[in-house]
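Working through the structure, step by step
Next come the chains, spelled out residue by residue.
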Amino acid sequence: MQMHRLDVQTGSTAEFCEITARVKERVAASGMAEGLCYVFVPHTTAGVTINENADPNVRRDMIHALDRAVPQHDPAYRHAEGNSAAHVKASLMGFSAVVPVVGGRLELGTWQGIYLCEFDGPRRRQVLLTVVPVP
């Protein structure tokens, strides 16, 4: 088992930062042929997801849909920091993803990419990777 940390600087309040290439580099460097790559975001206002990486409009559409579902400001929010929407959106996206590793490579679909989902930026974020071989 190997653990790695990626540092990601986000640039706006809400964005999906593609980290696929960086995760692939760490998996390749691990030398593992078969196993699992766990991707975890240790934050409460950022998440992780796997989604299409061919058309950047998908990322825009995802943010738009989340903004409609979870408005930035709502008089019912009680959290004193004023970032309740970011907490809700991060929870909806989730804080982890698991990707199989086959033949030393991430087994992602043709159009799939791995994204850090920022909802309270810009900030410096961490993504923790755990690469686990399967016997």
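The sections below set out a description of the structure shown in this document.

Conventions and cut-offs
Residues numbered from 1 in each chain as written. Predicted model: local features only at pLDDT ≥ 70, side-chain atom pairs only at ≥ 80, totals over all residues. Heavy atoms only, no water. Axes fitted to C-alpha atoms, helices over the stretch in contact; angles between N-to-C directions. Helix = DSSP H or I, 4+ residues; strand = E, 2+ residues; numbered from the N terminus. Parallel < 35°, antiparallel > 145°, perpendicular 65-115°, else oblique. Left-handed = near helix turned anticlockwise from the far one by under 90°. Contact = heavy atoms within 4.5 Å. Nonpolar A, V, L, I, M, F, W, Y, C, P; charged D, E, K, R; others polar. Phe/Tyr/Trp six-rings, centres within 6.5 Å; stacked < 30°, edge-to-face > 60°. Buried < 20%, exposed > 50% of the residue type's maximum accessible area, 1.4 Å probe, protein only.

**Remarks on the packing of helix α2 (residues 56–69) against helix α3 (residues 84–93)**
Remark: α2 packs on α3, axes separated minimally by 11 Å, with the N-to-C direction vectors making an angle of 125 degrees. As the angle between them shows, α2 and α3 are arranged oblique. As α2 packs across α3, the resulting crossing turns out to be right-handed. Two secondary-structure elements touch here, α2 through Met-62, Leu-66 and Asp-67 and α3 through Lys-89, Leu-92 and Met-93. Class assignment for the residues of the contact of α2 with α3 results in four nonpolar, no polar and two charged.

**A closer look at the packing of aromatic side chains**
Tallied over the entire structure, the rule returns two aromatic pairs. Each ring, one from Phe-16 and one from Phe-119, has its centre 6.3 Å from the other, and the planes form 85 degrees; the classification is edge-to-face. On the criterion of sequence distance, the pair formed by Phe-16 in strand β2 (residues 15–18) and Phe-119 in the loop between β7 (112–118) and β8 (124–133) is long-range, its members being 103 residues apart. Exposure remark for Phe-16: the relative accessible area of 6% places this residue in the buried category.

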